[in-house]
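# Examining the three-dimensional arrangement
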Amino acid sequence: MAQINVKVNGRAVARQVEDRTLLVEFLRETLGLTGTHVGCDTGQCGACVVHLDGRAVKSCTMMAAQASGSEITTIEGLAKGDALHPMQAAFHEHHALQCGFCTPGMIMMAVDLLRRIPRPDEATIRANLDGNLCRCTGYHNIVKAIAAVAQTGAGA
Amino acid sequence: MAHEGIGARVLRKEDRRFITGQGNYTDDIPVKNAAYAEFVRSPHAHARIVRIDTAAALAAPGVIGVLTGAALAEDKVGNLICGWMIHSKDGSPMKAAPYAPLARDVVRYVGNPVAVVVAENKNQARDAAELVQVEYQELAAVVDPAATQAPGAPQLHAEAPNNTIYQWALGDKAAVDRAFAGAAHFVEIDLINNRLVPNAIEPRAATAIYDRAEGRFTLYTTSQNPHVARLVLSAFIGLAPEHKLRVVAPDVGGGFGSKIFIYPEETVCLWAARRLGVPVRWTADRRESFLADAHGRDHVTRAEMALDASHKIVGLRVKTIANLGAYMSTFSSSVPTYLYATLLSGQYDIPAIYAEVDAVYTNTTPVDAYRGAGRPEATFVVERLMDAAARRVGIDPAEIRRKNFIRTFPHQTPVIMTYDTGDYEASLNAALSTARYAEFPSRRREASGRGKLRGIGLACYIEACGIAPSQAVGSLGAGVGLWESAEVRVNPVGTIEVLTGCHSHGQGHETTFAQLVAERFGVPVDQVSVVHGDTDKVQFGMGTYGSRSGAVGLSAINKALERVEAKAKRIAAHLMEAAESDVELKGGEFVVVGTDKRIAFANVALAAYTAHNLPAGTEPGLKEGAFYDPQNFTFPAGTYVCEVEVDPKTGGVEIVQFTAADDFGTIVNPMIVEGQVHGGLAQGIGQALLEGCRYDRDSGQLVTATFMDYAMPRASDLVSFNVSTTVTPCKTNPLGIKGCGEAGAIGSPAAVINAIADALGVERLDMPASPQRVWEAARANRTPIAAE
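Residues numbered from 1 in each chain as written. Chains lettered and ligands numbered in written order. Predicted model: local features only at pLDDT ≥ 70, side-chain atom pairs only at ≥ 80, totals over all residues.

### As for the overall build of chain A
Scanning chain A from N- to C-terminus turns up 6 helices and 5 strands. Counting from the amino terminus, helix and strand elements in chain A follow one another as β-β-α-β-β-α-β-α-α-α-α. Over its C-alpha atoms chain A spans a radius of gyration of 15 Å, differing by no more than 12% from the 15 Å that the globule rule assigns to 156 residues. Expressed along its principal axes, the backbone C-alpha trace of chain A runs to roughly 45 × 30 × 25 Å. Sorting the 156 residues of chain A into buried and exposed places 58% on the buried side. (Helix = DSSP H or I, 4+ residues; strand = E, 2+ residues; numbered from the N terminus. Rg over C-alpha atoms; globule rule 2.2 N^0.38 Å. Buried ≥ 20, exposed ≤ 12 C-beta atoms within 10 Å, placed from the backbone.)

Have a look at this one:
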């Protein structure tokens, strides 16, 4: 068994889990944070993206034990109470989601993108979404939403 | 209050839970003491099962049970069904072979479930599944639809000699032969419509619970049509009578057709929950999704078109082999027949059409409806032919289409359909103008200067949506009626619940359905809630597919709203001491015309429930239901224009511009409609450029079984789309809605391939137009730039 000590969405958590537990399993099954999704289990679709010490990671390709000692933010921890993060608000305003399944990973990735590149052009946004699959939107409105947040400079 | 009714760009009510991580998908639902299922699947495309040894798996830690096809038979669990009967042209019924949820004697595709291991946790189930020893005797396999009917090909089912399920035909063969005999121009093409994997990002999942005391099942599952699932699981598979089975489809992460069908895994989970006495959960991993979700398309077609001297089409002859895989999935038989050949007239006035379709078994995953279902295949045939014909007779592709458009309505095609309305020239003109079609030659010259081959391609598609008039589909072999139901419950305070048999898995029904209520009753959309996806809440419904929720589902809601309004008006007239004929509902109030007398809708609702002062003979309460059966299909249509640049040195294709002009009839929410088009386009462009399911010819292994091997469209593969609409309201439903969910996937493959073929100056180009294929085609054609 592995001892996991992490801070998730600002709350300290200590749990013992089976050694082979993936970070996404730890979040979803041990902590009940089901907003982080599993779409492919091979690091290809990005539905499982969370922030680990401020950077986007695919939680399906990381062991929970590797994350011990880190601070994790999941989609559930992105809003400040009832106040949505600007990226969440932009996804709503630009209809950047349909079935909603890829959305948490997409939003977490988009926030990370603007942290790294505050003013991306469309091609840069598209290139940086290569690790995230969406089957519903054709990415059109996702790109629009991210560009809109970049425009306001409120992304970080 | 801002306008929230029909036509308003209302932001989605359902978004908040998804953007904050509070969505409620099947795998998110906690169930106490649930066990986990792992399926043991065939590693062979075709093999006899000699022996299954479950002893080691049963002895593994945490294992509750290991179940095989023998146990399934012991419990008399029925086979899966194909619910649409097709008759061959000789009158014989289709040769449907048994499709057991767990294979007992023979496995027929890689991934065919053989056994299920149920254990206390997921890892234990996975570990134990590896301990199930299945001894196979391998058999020769066939995966190619063009080869499976050949003499000496491996035979899949004794019921279907030569692996042939049916040999079906539609149209007048003699008339087509006559038309060809007298024609001036002919074109013929060979087409492959590539096999696709739907790949909703949420994998299929099921949680099955059995309440022994009540003898009652609950199944949470990723379904587009939970009532149909309940019907089939009850009436055909025989697991429980309908009143003892609750099927809930909670938030569902995309469907695209793949979540319509009743599959082995969900069936087995339900049965295992009863047999083993524990709730059973299963969620597919992505490799299982590739192997076990019904695939789409997979047609091999030869098509011929005849034209007269003035370039008018006089005849069309089509021969298609449709690969249905190893077993017949729920609606598989209808896709290459009534959803395909009936659309072969396209947007054109074609006097004679004859289509023959052979459906065949192969050692591959079952094939069924995938976004568009038959209509993308029909559009690809017609629109590739139109380009070939334009080239043959030497006129512009837009002009040959314009010359052949249907211009008067209703129009009876030679292949069953009666188009109610449309204006094909309007969408063509809109698309050409947005795409700056007339100026294309200068863009081509400019690209040529940069060493790029630039091409432009059109597709004028039509589809049949709003499936479907029950009597009509019944006469064509459907096992179900395809009406829709609705119930409108007005609460005493005037808030409204709308219950619908449609299911939303991304389409935004919680918003658009509320918009109809806002339109009619003047109630803000946030005072309306839409209830769907639970057989305990909604009495019955046929679900969501075939772009039917607007045309059929909203029509049912509209009918129930009319009944609510009629009763509310009666009460309002009574309360205002006016004649009912003088009362109108306007902006959320009943008013007596020509007076200042008015009463708010909410106050009428309250009066209906207090029942202190109702007109004589009026029952208390304000709740009405309706069933709506469509009179006809609806016929969305439009023009897509794709512009590409090909790098002849690499074969790389870049889409530089994509324009869509669609006619969906009445539009409830333009924002949502545009989103549907964007997504459909991405899937169609994916089919044309990237996606393609490959089986190894000898071993029958699915080579493209992960996202690393199967190329899904990613953001950098696509562009921002130019989408617009023209409107001719549908004439056969009360709201004028035609439907918009599939158009993008239907029209775009032909537009993309026509554009690349134009760039290269070639006739034949198979999908997906990978860099290798494009490079080879460019080389073969020795275009000046490629040769340098």
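From this point, the narrative continues.
### Some remarks on the domain arrangement of chain B
All names here are of chain B. Domain boundaries in chain B define domain 1 (31-139 + 202-253 + 259-292), domain 2 (299-467 + 632-787) and domain 3 (483-628). Just the C-alpha atoms count here: the centres of domain 2 and domain 3 sit 40 Å apart. Per-class residue counts for the side of domain 2 that touches domain 3 are 11 nonpolar, 6 polar and 2 charged. (Domains from an automatic or database assignment. Nonpolar A, V, L, I, M, F, W, Y, C, P; charged D, E, K, R; others polar.)

### Quick word on the sheet that holds strand S2 (residues 47-53) of chain B
Residue and element names in this part refer to chain B. On the basis of which strands lie adjacent, the open sheet formed by 3 strands has the order S4-S2-S6 and antiparallel pairing. Across the chains shown, the open sheet's two edge strands, defined by having one partner strand only, are strand S4 (106-107) and strand S6 (133-138). As paired elements, S2 and S4 share 2 bridges and run antiparallel to each other. Across the sheet, arginine 48 pairs through a bridge with valine 106, a residue of S4. (Pairing = 2+ DSSP bridges.)

### Considerations on the confidence of the model for chain B
The pLDDT averaged across chain B works out to 96; a share of 99% of its residues lies at or above 70. Model confidence for the complex is summarised by a pTM of 0.97, with the ipTM given as 0.98. (pLDDT = per-residue confidence, 0-100.)

### Considering the sheet that holds strand S20 (residues 496-500) of chain B
Residues and elements named next belong to chain B. Strands sit in the order S21-S20-S19-S25 across an open sheet of 4 strands; the sheet is mixed. Looking at the sheet topology across the chains shown, the edges are occupied by strand S21 (528-531) and strand S25 (623-628). Direction aside, the axes of adjacent strands within the sheet are offset by 15 degrees on average. Both strand S19 (residues 484-490) and S20 contribute to a ladder of 5 bridges, which runs antiparallel. By the bridge assignment, arginine 489 is partnered in S20 with glutamate 497. Here helix H15 (residues 549-575) sits on the sheet in contact with S19, S20 and S25, set at roughly 145 degrees to S25. (Axes fitted to C-alpha atoms, helices over the stretch in contact; angles between N-to-C directions. Contact = placed C-beta atoms within 7 Å.)

### A short note on unusual backbone geometry
Look at the link from phenylalanine 409 of chain B to proline 410 of chain B: it is a cis peptide, with omega at -5 degrees. Looking at the element boundaries, proline 410 of chain B is found in the loop between helix H10 (397-404) and strand S16 (411-412). The peptide bond linking methionine 767 of chain B to proline 768 of chain B adopts the cis configuration, its omega dihedral lying at -10 degrees. Note that proline 768 of chain B resides in the loop between helix H18 (743-760) and helix H19 (771-781). For aspartate 53 of chain A, which is not glycine, the phi torsion reads 50 degrees and is therefore positive. If you trace the backbone, aspartate 53 of chain A turns up in the loop between strand S3 (49-52) and strand S4 (55-58). Classification of aspartate 53 of chain A by C-beta neighbours within 10 Å gives exposed; the count is 12. The phi torsion at asparagine 199 of chain B lies on the positive side, around 55 degrees, for a residue other than glycine. Relative to the elements of secondary structure, asparagine 199 of chain B occurs in the loop between strand S8 (185-193) and strand S9 (205-211).

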